2 protein chains.
Amino acid sequence: MRLSQVLFVTLREDPAEAEIMSHKLLLRACYIRRISSGIYSYLPLMWRVLQKTSQIVREEMNFVGAQECLLPQLQISDLWKESGRWETYTKAEGIMFSLVDRQKKELALGPTHEEIITSIVRDMITSYKQMPLNLYQIQTKFRDEIRPRFGLMRSREFMMKDAYSFDENIENLQKNYSAVSQAYCKIFERCGLSFHVVEADSGAIGGLASQEFMVLTDVGEDEILYTKDGSYAANAEKATSIPNPEDISPFDSYEERETLNCNTLKKLSELLNCSLTNIVKNLLYKATYDNQKSILILVSIRGDQDVNEVKLSNELNYLAFKYEASTLLTLKISDQESLLKDRLPLGYIGPDLKDSYINSKENIESSFLRIADKTVINLKNFVTGSNKLDHHIVGGNWGQSHRLPELILDIRKAKEGDKVSNDNYEKLMSKKGIEVGHVFQLGTKYSEKMKATFTDKNGEEKPITMGCYGIGISRLVQSAVEQNYDKNGIIWPLAIAPYHAIIVVPNMNEKKQIEIAEKIYHDLNNIGIETILDDRTERIGVKFKDAELIGIPYQIVTGRTLKFGKVEVVERKTKNSQEVIIEELPRLFHELLKNIKLSSQFI
Amino acid sequence: MRLSQVLFVTLREDPAEAEIMSHKLLLRACYIRRISSGIYSYLPLMWRVLQKTSQIVREEMNFVGAQECLLPQLQISDLWKESGRWETYTKAEGIMFSLVDRQKKELALGPTHEEIITSIVRDMITSYKQMPLNLYQIQTKFRDEIRPRFGLMRSREFMMKDAYSFDENIENLQKNYSAVSQAYCKIFERCGLSFHVVEADSGAIGGLASQEFMVLTDVGEDEILYTKDGSYAANAEKATSIPNPEDISPFDSYEERETLNCNTLKKLSELLNCSLTNIVKNLLYKATYDNQKSILILVSIRGDQDVNEVKLSNELNYLAFKYEASTLLTLKISDQESLLKDRLPLGYIGPDLKDSYINSKENIESSFLRIADKTVINLKNFVTGSNKLDHHIVGGNWGQSHRLPELILDIRKAKEGDKVSNDNYEKLMSKKGIEVGHVFQLGTKYSEKMKATFTDKNGEEKPITMGCYGIGISRLVQSAVEQNYDKNGIIWPLAIAPYHAIIVVPNMNEKKQIEIAEKIYHDLNNIGIETILDDRTERIGVKFKDAELIGIPYQIVTGRTLKFGKVEVVERKTKNSQEVIIEELPRLFHELLKNIKLSSQFI
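Worth saying up front: this structure is predicted, and the values here are computed from it rather than measured.

### With respect to the relation of the copies chain B and chain A
When chain B is fitted onto chain A, the two copies agree to an RMSD of 0.2 Å after a turn of 180° and an axial shift of 0.0 Å. Given the turn and translation reported, the copies of this chain are related as if by a two-fold rotation axis. Considering only C-alpha atoms, the residue of chain B closest to the rotation axis is Leu99(B), which sits at 2.7 Å. Here 100% of the contact residues of chain B are again contact residues in chain A; the copies associate through an equivalent surface.

### Some remarks on the sheet that holds strand β17 (residues 369-373) of chain B
Residues and elements named next belong to chain B. Strand order in the open sheet formed by five strands is β16-β14-β15-β17-β20, with mixed pairing between adjacent strands. Unpaired on one side and paired on the other, β16 (328-333) and β20 (407-409) mark the two borders of the sheet. Sheet twist, expressed as the average angle between the axes of neighbouring strands with direction ignored, equals 30°. With three bridges joining them, β17 and β20 adopt parallel strand pairing. Counted as the bridge partner of Ala372 is Ile408 from β20. Sheet strands touched by helix α8 (residues 309-318): β14 (280-289), β15 (294-302), β16, β17 and β20. Its angle to β16, the strand with the most contacts, is close to 135°.

### Regarding the state of the cysteines
With the rule as written, the count across this model stands at zero disulfides over all chains. Here Cys185(A) stays unpaired: no disulfide links it, and the sulfur of Cys191(A), its closest cysteine neighbor, is 12 Å away.

### Section: the environment of Ile116(A)
Mapped onto the fold, Ile116(A) is located in helix α5 (residues 114-124). For the pair formed by Ile116(A) and Gln75(A), sequence separation is 41 residues and the distance between their alpha carbons is 7.4 Å. If we skip the residues at most four places from it in the chain, Ile116(A) touches Leu71(A), Pro72(A), Gln75(A), Leu79(A), Ile35(B) and Ser41(B).

### Quick look at the packing of aromatic side chains
What the rule picks out here adds up to 20 aromatic pairs over all chains. Plain terms: the ring middles of Phe188(A) and Phe213(A) are 5.6 Å apart, the flat faces sit at 45° to each other, and that makes the pair tilted. With Phe188(A) in helix α6 (residues 170-190) and Phe213(A) in strand β10 (residues 209-216), this residue pair connects regions lying 25 residues apart in the sequence. Take Phe188(A) and Phe213(A): they sit in the same class, and that class is buried. Across the ring face of Tyr499(B), the terminal group of Arg48(B) is positioned such that the distance to the ring centre comes to 3.8 Å. The ring of Tyr425(B) carries Lys419(B) above its face, with NZ or CZ at 5.1 Å from the centroid.

### With respect to empty space enclosed by the protein
On inspection of all chains with the given rule, the structure shows six cavities of 30 Å³ or more. When its volume is computed, the largest cavity comes out at roughly 490 Å³. If you go around the largest cavity, you meet 27 residues; those closest to its centre are Leu70(A), Ile138(A), Gln139(A), Ile138(B) and Gln139(B). Listing elements by their share of the lining of the largest cavity, those giving two or more residues are α2 (44-63) and β7 (133-142) of chain A together with β2 (39-42), α2 (44-63), β7 (133-142) and β8 (157-167) of chain B.

### With respect to the pattern of salt bridges
Across all of its chains, the model carries 85 salt bridges over all chains by this definition. Between Glu530(B) and Lys52(B) there is a salt bridge, with the nearest N and O atoms lying 2.4 Å from each other. Of this pair, Glu530(B) sits in the loop between α11 (511-526) and β30 (531-534) while Lys52(B) sits in helix α2, and the two are 478 residues apart along the sequence. Taking the relative accessible area as the measure of exposure, Lys52(B) reaches 16% and is therefore buried. With its nearest N and O atoms 2.8 Å apart, the salt bridge here joins Glu115(B) to Arg85(B). On the criterion of sequence distance, the pair formed by Glu115(B) in helix α5 (residues 114-124) and Arg85(B) in the loop between α3 (77-83) and α4 (86-92) is long-range, its members being 30 residues apart. Several salt bridges converge on common partners, so that one network encompasses Arg143(A), Glu145(A), Arg149(A), Arg154(A) and Glu221(A).

### Remarks on the sheet that holds strand β5 (residues 98-100) of chain B
Residue and element names in this part refer to chain B. Strand order across the open sheet formed by three strands is β4-β6-β5, with antiparallel pairing between neighbours. In this open sheet, the two edge strands, each paired with only one partner strand, are β4 (74-76) and β5. Here the strands of the sheet are splayed against their neighbours by 35° on average, with no regard to which way each runs. Relative to strand β6 (residues 106-109), β5 is paired through three bridges, and the arrangement is antiparallel. Residue pairing in the sheet places Ser98 in a bridge with Ala108 of β6.

### Section: α2(A)
Here α2(A) is 20 residues long and its end C-alpha atoms lie 29 Å apart, about the 28 Å a rise of 1.5 Å per residue gives. Following α2(A) by one or two positions, Gly65(A) has its phi on the positive side, about 90°.

### Remarks on the domain arrangement of chain A
All names here are of chain A. Parsing chain A into structural domains produces domain 1 (3-240 + 430-482), domain 2 (255-413) and domain 3 (499-596). Measuring from the centre of the C-alpha atoms in domain 1 to the corresponding centre in domain 3 gives 37 Å. Both faces considered, domain 1 and domain 3 share a buried interface measuring about 1,200 Å² in area, 57% of it formed by carbon and sulfur atoms. Along the contact surface separating domain 1 from domain 3 lie three salt bridges. Here Glu530 and Arg48 are joined by a salt bridge, their closest N and O atoms 3.3 Å apart. In this structure, the connection of domain 1 to domain 3 is made through nine residue pairs in polar contact (both at pLDDT 80 or more). For the side of domain 1 that touches domain 3, the elements supplying multiple residues, two or more each, are α1 (21-28) and α2. Counting residues per element, the side of domain 1 that touches domain 3 draws most heavily on α2, at three residues. Split into classes, the residues belonging to the side of domain 1 that touches domain 3 amount to seven nonpolar, two polar and five charged.

The rules behind each value
- Each chain carries its own residue numbering, running from 1 in the written order of its sequence.
- As a convention, the first chain written is A and the first ligand written is 1, with the rest following in written order.
- Predicted model: local features are reported for residues with pLDDT of at least 70 only, side-chain atom pairs are reported and counted for 80 or more only, and whole-chain, interface and lining totals are derived from all residues.
- To obtain the side-chain values, all non-hydrogen atoms of the structure were used and water was disregarded.
- A least-squares superposition brings the copies together, and it is based on the C-alpha atoms of residues with pLDDT no lower than 70 in both.
- It only takes one pair of heavy atoms within 4.5 Å for two residues to be counted as in contact.
- Note on pairing: two strands pair once DSSP finds at least 2 bridges between them.
- Per the convention used, a helix needs a DSSP run of H or I reaching at least four residues, while a strand needs a run of E reaching at least two, with both numbered from the N terminus.
- Each axis is a line fitted through C-alpha atoms, and for a helix only the stretch in contact is used; angles between axes span 0 to 180 degrees, taken between their N-to-C directions.
- Cysteine sulfur atoms are paired as a disulfide whenever they fall within 2.5 Å.
- We call Phe, Tyr and Trp rings a pair once their centres come within 6.5 Å, taking the six-membered ring for Trp, and we label the pair stacked below 30 degrees between planes, edge-to-face above 60, and tilted otherwise.
- The classification of residues rests on relative accessible area computed with a 1.4 Å probe and restricted to protein chains. Under 20% of the type maximum is buried, over 50% is exposed, and intermediate values are partly exposed.
- Think of it as a cone above the ring: NZ of Lys or CZ of Arg counts as a charge over the ring if it is within 6 Å of the ring centre and within 35 degrees of the ring normal.
- The method works on a 1 Å grid over the protein atoms by themselves. A cavity is a set of points holding a 1.4 Å probe that cannot get out, a pocket is an open set with protein on both sides within 12 Å along at least five of seven lines, and residues with an atom within 4 Å of a point line them.
- Grid points are joined across faces, edges and corners, and a volume is the space filled by probe spheres set on the points.
- Whenever Lys or Arg places a side-chain nitrogen within 4 Å of a carboxyl oxygen from Asp or Glu, that contact is recorded as a salt bridge.
- Any helix carries an expected span of 1.5 Å times its number of residues minus one.
- Residue ranges assigned to the domains are those given by an automatic or database domain assignment.
- Defined here as a combined quantity, buried area equals the accessible surface (1.4 Å probe) lost by two parts on assembly, summed across both.
- Pairing of N or O atoms within 3.5 Å defines a polar contact, subject to two protein rules: one partner must be a possible hydrogen donor and the other a possible acceptor, and residues neighboring in sequence count only if both atoms are side-chain atoms.
- Basically, the charged four are Asp, Glu, Lys and Arg, the nonpolar ten are Ala, Val, Leu, Ile, Met, Phe, Trp, Tyr, Cys and Pro, and anything else, Gly included, counts as polar.

Now the structure itself:
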């Protein structure tokens, strides 16, 4: 690429639309342009980075025996109705774009492809002999994000690799799953990323187990909880832990106390001179299912703990059948006032709030779903709401003053400082991360619903055991920038840099500089050292600034050293400079690049 | 690829959904699977063919200095409203899928990218020094086709290469245009296609001139008119020609004749004993513009000629401003009855039908737009309708019995047998073709509307001169099959075949056969000869049938000749077979493949 002949416009100022460094730098350095909220064009430099990253993904997926294919982006609603996800994706999470075609049929733009691939294999796989199998694609995906932000980190149109595995049984699935997980580690390592593998919630994809691959960065949207010894790491949405033990209650008898203006737990504990761990906090949630039925949930949890709404949602999804529904659409913490007959101010509800409080005018189940988090079940002489303004109960006890809810669940948020388990003294630490990969053991969730079966060794018909595996390629690329920049610009990891080297010609009026630059440009490109020639008639300062901004790993400067038959080679990352005899350049670059070349894999 | 380890299921029967051979074969040979009307999955073999074809396109586009990028598939309506195409694409042609996102904004799925690319360059190009420029992408595109059919030939989701060029002026555009046209010829040649370059109508894309690249095949949807000497070739939609001369009219005086039951021109000419060329045929069309105004058009054309509705639509688009509209939405030949006050049966209308016949109850312009095709202006003593049931006029003359319409246009369909021009005795011949490429000189159509300007050498601000260039990659691939098959299956051109060779192991129980097959498999793949190993435990007949069906150019059979240290190499196309010493295979394949390898191009 000759910079004088291509579309190359860098920006000196940070664009107003960008909040985080990687986003700013990709805009400034002529990698991407925003077209609309969460929608970007990939300019030629970016296209190369995406292709190189895709190629690494391809090589590692092929290495574990996966086969590349390409599935349609337009998906018909029929298949999503078979799997039961049409409502969830178009309404509950609302992340799927949908439309109606000229034949008045509902279509959606694929955010994921479990339905499509299952519909293909159910027609093609008939016998256990056809498995194990793993099919993948690299494709643009769509999500109608509530808040698109951070450039390619959370965009509405993005590039993804998604893979789907098919096995006879769970043991074989686990082999496939573990092979892909290892491939993922190799991919992220080859891309030069620092990352963590963590336990994860499976969300709307579902299944038996899942792990996320998190790139560590301060601007990550996810919280990772982990132990220093590496024995535990999980997304905070999924993490479990042992809470601090509760303090002994200062109360020893049941009593109603006046508690004026105690609209926060902190005020309450100060007034009553007790610990937050002595308090049973009660929260009201409203859940709506796909059959339009709503239920009110009364959650009791220890005063110093918070509810993990992802865990709560999962539990409510398991209970959908109880309400003749198939999936949870929304879960919201409630302001009470519109839902309950009498005004009960926040903070004064008790676990024994009567069902008759429910405002039955709305399409709402007539009794509360009462849930106790595990943190409250052993509390003695606790403090809690009295269902009466300005009053609380102290010295409450399950089985005496209050009935313990039948449904006892672990729905608390694990947090920094918690112990991981009773036999591990490591405490949880917290970091921010960006999810760049996610692997799922789906089991038979989709194959059962969509009737994708096979005949096993004994002639029995069984549902296929599936896995699915995603990598956000455009997000990965921006994460690599977020982990690799300095005040002057991007510092691409060598393996995914758009080019390996850039030749900077300090003075375009000096014929010798141009001649030698041209020769180096041809010689290096001819042997596969991908090289840019900056042959613009710009000032040398501008050229160096641009070379640093766009982050090409090596600069080759055809300046003063030419008279000794040498050029200067500067490493972008360290700024280390060395003078190199021109004829030695190919050997030097072969040496520099040798670690990023993989022996070609055929499949 | 080892056939025993991948998803490979061929079909013996033609699937009911397929009408043409290429479609049947791609389904049967495990290349594609239909998900919904006009929506297909590309299975692993197909994915390789698409990638190889894309790579050829890439190399030739790069060779003429174009740069690859990737633009979003989701397009915002704002940009299409700026260019004035939102209505045309969502309503008139109705080929663009559109949807409303969660922010209630209108989005569309890109069938083409003039708007997006123009919005990018208008922000980045400021000076003539930044041009010439050519940007392209290879991407999945969408069209909500009225009648998706023939598999990938006319599908709703398809793979395309689209390129956009930017120049200072028309002379430079023509250089870019001609370079891309040459690249296209090289691409289609490399892909092994037999094709024609023809003049084309520019349709909804618009601009100054355009050419199509047509693959010749009997199942093509387009008609190509051409001369044997190669001096002329055009899409029938665009073609112009000289009609046969008219016969001398047998009538010499104006008269009204009774013409009972003459509801066809043939019956009329037989009854009156005159030639079709003596008749002025009158057709009623209804055109509707984007401002909801409709007009009735009375077209007079010689009885032996047909109206080219593409030409008529283009003329009506030019006239949109007369009706305070900006674009034509629909053009339909009319059944008259609902539009005219009195019932006038088909075939009895005259060019002098009074405006007062128009049924003014509808939102319809109150006077006819009267158009005479050039074929009628020199007719003497013609026959035409009398605006009265069962009666025609004979001996009509313009300027005497009838007023010649002011609007005289060439809107006739050129047809087989016509002369191309008065000084060329070649007669037009007709063939069917499939459009696989289309190049357009857009001029300043988009840059003016979207204010994409630059400063020229003299400091003047001017609109950028644009071109655009498309290749239907998935359509091209199916066209290649349509041109290359026999009764046993596909015969891929070597350059785009998914693999170069397939090793057929006749007997999986013979250890030596397997050992040698494995060795050949590794050796050939290691030197870039892409080879499949058919290691399935199928009968030999099945293996040969499948090898032929999937169309791999060379079969390597590890059979009886092994005892002489040889394998049999069979060419798929000719069935020619040769015995080759195993160690000679690499040399043989290097020789066979040498013509399809291009020296690597860097840019």
